[in-house]
Amino acid sequence: MTAGIFTALIFVTSLLAGLLGALTGLGGGVIIVPMLALVFKVDLRYAIGASLISVIATSSGSAVAYVRQGLSNIRIGMFLEVATTLWALLGAYLTLKISTHWIAIIFGCVLLYSAIASLRKRRKHAIPAAPDRMATALKLSGSYTENGVRHEYVAHRVPLGFGIMFGAGTLSGMLGIGSGAVKVLAMDMAMRLPFKVSTTTSNFMIGVTAAASAGVYLSRGYIDPGLALPVMLGVLGGSLLGSKLLVRAPVVTLRIVFSLVIIALGAEMIFSGATGRL
């Protein structure tokens, strides 16, 4: 296979990964890393490095629109980034120290969780609860407008949400994914933020988290421009296309198909890691 054909195939695969990731809200990293490792036989650490670059690009592109619309809560996002960024550095460090077999097994388990998370029924607004003293002190609150109606919200159970972000940051740095499913879990279920605020703030956060760990991979030589460029352009293009199709697409069907795909990829990653193929 020539370099041109290989690059073209990587770009097309990344385009599809970005498209599916945007339509399901989990990002293209959960698809592109196992596809690069299993189908194209790319070294797992180089695949993770390329995925981190694509995460930074897609997050930066879409975060601007969400901030402009007033959906992303920058104050909450930056507060939680203290946890995710520090532990993303730890995750990147661990990836360079532990065997790729174990990385593949962990990645497979995360894929299986992502499949469940993509099918989970979410509520539209946060559950009313007594004001959280820590959230009040740190001013972790906000509002957004939907269909002409203004919704006020305030974060709850801040320590729990902050603690979950440790895990999200570690997974992001270790596996080269945005860990959006874990971040949304922390904000939506633990901190009881409205789902739209959780998803858009998570989208803003994943780029910052990925940038922290990408520096570690770059310093160790695990980011190959020849691989990272077509992956970044493909995932970015697929994400932009997916955001436009999302309005008309049958989301329930897409989530089912997507879940089946990543369940298959997750099972294969676990099997390949356990048998020493990765």
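Cut-offs applied
Residues numbered from 1 in each chain as written. Predicted model: local features only at pLDDT ≥ 70, side-chain atom pairs only at ≥ 80, totals over all residues. Heavy atoms only, no water. Helix = DSSP H or I, 4+ residues; strand = E, 2+ residues; numbered from the N terminus. Buried < 20%, exposed > 50% of the residue type's maximum accessible area, 1.4 Å probe, protein only. Core = buried A, V, L, I, M, F, W, Y, C linked by side-chain atoms within 4.5 Å. Contact = heavy atoms within 4.5 Å. Pairing = 2+ DSSP bridges. Polar contact = N/O pair within 3.5 Å; in protein donor to acceptor, adjacent residues only side chain to side chain.

How should I be thinking about the overall build of the chain in this particular structure?
Looking only at helices and strands, the chain has 11 helices and two strands in total. In the chain, the order of α-helices and β-strands from amino to carboxyl end is α-α-α-α-α-α-β-β-α-α-α-α-α. Counting across all 278 residues of the chain, residues that qualify as buried make up 50%.

Any chance you could explain the nonpolar core here in plain terms?
The tendency in soluble globular proteins is for nonpolar side chains to be buried side by side. Leu-36, Leu-44, Val-231 and Met-269 are the most contacted members of the largest nonpolar core, which totals 43 residues. The element best represented in this core is helix H2 (residues 29–38), accounting for seven residues. Discounting residues that sit within four places of it in the chain, Leu-36 has contacts with Ile-10, Lys-41, Val-42, Ala-47, Leu-227 and Val-231. Formed by 21 residues, the second largest nonpolar core is a distinct cluster that contains Ala-135, Ala-155, Phe-162 and Val-182.

Looking at this structure, how should I read the pairing of strand E1 (residues 141–146)?
Each regular strand carries side chains that alternate between the two faces of the sheet. Examined bridge by bridge, E1 and strand E2 (residues 149–154) share six bridges and lie antiparallel to one another. Pairing of Tyr-144 across the sheet is with His-151, part of E2. Between E1 and the antiparallel strand that follows it, E2, lie two residues; Asn-147 among them carries a positive phi value of about 55°.

I would appreciate a short explanation of the environment of Thr-145 in the present structure.
Relative to the helices and strands, Thr-145 is located in strand E1. Thr-145 sits 74 residues away from Leu-71 along the chain, and the two C-alpha atoms are 8.2 Å apart. There is a polar contact of 3.4 Å between the side chain of Thr-145 and the side chain of Arg-150.

Please clarify how the side chain of Thr-201 should be interpreted in this entry.
Here Thr-201 lies in helix H9 (residues 195–219). Overall, Thr-201 belongs to the buried group, its relative accessible area being 0%. At a separation of 2.7 Å, a polar atom in the side chain of Thr-201 contacts the main-chain carbonyl oxygen of Val-197. Apart from the residues within four sequence positions on either side, Thr-201 is in contact with Leu-71, Ser-72, Asn-73, Gly-77 and Met-187.

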